[in-house]
Amino acid sequence: MNMPNFRDILQKLSVFKNNLSLLVPVIIALVSVLLLIPTQLMSSKLKKQVEQESITNGGRRVKSLETSAVSRQQYEMEAERQKAHEVDANEIAKLAMQSTQRDLLSYDIFPAPDPNGFSALIFQQFGQRYRAGIDKMILSIKGRDCPTDAEIQRGLDESSSSGRTRGGTSMLSSPRGMPGMNLYGGTMRSGSIRRMIIDEMCNDRAKSISVYVNPFDIAGYEYWENYKYDVKQEDAIEDCWYHQLGYWIIDDIFQTIEKMNSMHDNVLTAPAKRFMGVSFTMGLKRPRSGGGGSFRRGGGGGRRSVQKKQQEDADRPVYVRTGAPGLSESCTGRYCSDDIDVTHFNFSVIVATKSVLPFMKELCSVKEHQFRGYPDGTDAPQTLKHNQITILESKIGSINPDDQTHRYYSYGDESVVSLDLICEYIFDVKGYDSLVPQPVLDTLAGIEEDN
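Not measured: the values here are computed from a predicted model.

Chemist: Honestly, unusual backbone geometry in this entry has me stumped. Any pointers?
Modeler: The general pattern is negative phi for most residues beyond glycine and trans for most peptide bonds. A cis amide bond links Phe110 to the next residue, Pro111, at an omega of 0°. Put simply, Tyr374 and Pro375 share a cis peptide bond, and its omega is 10°. Among the structural elements, Pro375 can be located in the loop between β5 (367-371) and β6 (382-386). Even without a glycine there, the phi angle at Lys142 is positive, about 55°.

Chemist: Any chance you could explain the environment of Phe216 here in plain terms?
Modeler: Along the chain, the position of Phe216 falls in the loop between β2 (211-212) and α8 (233-261). Judged by relative accessible area, which is 42%, Phe216 ranks as partly exposed. In this structure, the C-alpha to C-alpha distance between Phe216 and Val278, residues 62 residues apart in sequence, is 10.0 Å. When neighbours within four sequence positions are excluded, Phe216 is seen to be in contact with Arg131, Tyr221, Glu222 and Glu225.

Chemist: Could you clarify how one ought to interpret the confidence of the model for the protein in this entry?
Modeler: Where the model shows low pLDDT, its predicted coordinates should not be examined in detail. Taken as a whole, the protein shows an average pLDDT of 82; of its residues, 74% reach a score of 70 or greater. When the criterion is pLDDT under 50, residues 165-185 qualifies, and its contacts beyond four places in sequence or with other chains add up to 44 contacts.

Chemist: Explanation requested: the layout of surface pockets in the structure shown.
Modeler: In this approach, a probe sized like a water molecule rolls over the atoms, and the result shows the empty space that is left. The volume enclosed by the second largest pocket comes to roughly 450 Å³. Lining the second largest pocket we find 18 residues, and of these Asp103, Tyr247, Asp251, Gln370 and Arg372 sit closest to its centre. Put simply, the parts of the chain that give the lining of the second largest pocket at least two residues each are α5 (121-140), α8 and β5. Among the elements that make up the lining of the second largest pocket, the one with the highest residue count is α5 (five residues). The residue inventory of the lining of the second largest pocket, partitioned by class, reads six nonpolar, five polar and seven charged.

Chemist: Please clarify how the packing of aromatic side chains should be interpreted in this entry.
Modeler: The way to describe two aromatic rings as a pair is by their centre distance and the angle between their planes. Taken as a whole and assessed by the stated rule, the structure comprises 24 aromatic pairs. Ring centres 5.0 Å apart and planes at 20° place the aromatic pair Phe123 and Tyr229 in the stacked group. Here Tyr229 lies in the loop between β2 and α8 and Phe123 lies in helix α5, a separation of 106 residues in the sequence. A relative accessible area of 0% places Phe123 in the buried class. With a centroid separation of 5.2 Å and an interplanar angle of 65°, the aromatic rings of Trp241 and Tyr432 are classed as edge-to-face. Remark: Tyr432 occurs in helix α11 (residues 429-432) and Trp241 occurs in helix α8; sequence separation between them is 191 residues. Positioned over the ring face of Tyr221 is Arg131, at 4.0 Å from the centre of the ring. Directly above the ring of Tyr409 sits Arg274, whose terminal nitrogen or CZ lies 3.7 Å from the centroid.

Definitions and cut-offs
Residues numbered from 1 in each chain as written. Predicted model: local features only at pLDDT ≥ 70, side-chain atom pairs only at ≥ 80, totals over all residues. Heavy atoms only, no water. Helix = DSSP H or I, 4+ residues; strand = E, 2+ residues; numbered from the N terminus. Buried < 20%, exposed > 50% of the residue type's maximum accessible area, 1.4 Å probe, protein only. Contact = heavy atoms within 4.5 Å. pLDDT = per-residue confidence, 0-100. 1 Å grid on protein atoms, 1.4 Å probe; cavity = no way out; pocket = protein on both sides within 12 Å on 5 of 7 lines; lining within 4 Å. Points joined across faces, edges and corners; volume = space filled by probe spheres on them. Nonpolar A, V, L, I, M, F, W, Y, C, P; charged D, E, K, R; others polar. Phe/Tyr/Trp six-rings, centres within 6.5 Å; stacked < 30°, edge-to-face > 60°. Lys NZ or Arg CZ within 6 Å of the ring centre and 35° of its normal.

Right under this line is the structure:
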């Protein structure tokens, strides 16, 4: 490529035809202009770079960091924070464990009786303590059932004796089947008086108690009434264990009723009117669930090939290892695992309509219990806390006061309903793991007997 001939170019310009001496300065000026532009650009970029990397600018950055710099003791502060988190985690684990550390009805049975001093009487004693404990719970909440038919009849007889007519015949004891007889016997007039007497007796009972309770509506109470030790020792131990779990649950129910009625004098004004009953099977015979998942202390499974024992047919708690033995679908998704044991229960109460939600809230609230240590319960008593109940299902129904179920019961003037609940109860494994009998451990592990 040939370079352009500047002389020819300049000659074409009239200015430079006769002034060739100006050629060199013009060329120099053009080159200077061409070099000036990139020089300025490079200078500006270099100046900016120098400002950014200069010691002065670095010093300003250092000074600005002085106010936000991490303290040399920062690692110590972080260590304290992590330690506090560890304390919180340990405290939560401790509270969970304490929730299941509860006093036992018998310290001679779990996890197994002493073979050297074993006596079948320990199982009968367990049953007696179970019933005595239920009686004590009922007494603590001023509970009692309505007047019985025998009590009603005695009251009518006493009224009859003191209210005879001038002819020597009581208006309260007219022969049945005569014209004008009513539901309560006697003429219409005497029947009305009988009704007044019965109502007065029922109201007197309601004024003297805080809640209606019949101990035979409580699972296990009748079972232990005439208990006989006629099974294998392992089966008797297992039976006592499940009833011990049930006893703790029943205690929570009665604590709830006591708290709800604590500010009221009697049934007529109390929010919780009547304890209708508690069940762990809802009247169903529920066999053990074999297999199905990975369970605590082992796996595997199987079926019993023998007839179910009397204890298995009793109304007692069942560990919920899968959905099969539960009383309801678990909305919590909790089943027995390495950390928790789960069981379900069902109970019903008559409550004031306005007290339905407060009762449910109180049932699921924190409660206190006494603990005297394992394995023998001889330590100084500690007051611990627990909160183990979750409501899975609730059903509210109206009642008919004239129905046979509510005869002789007085609930006061306010509106009442029946409240039926299915609940979940959680046990922390570490809280009682050292006490769990081997037959129960086998059930939790999915191991069943073959004979």
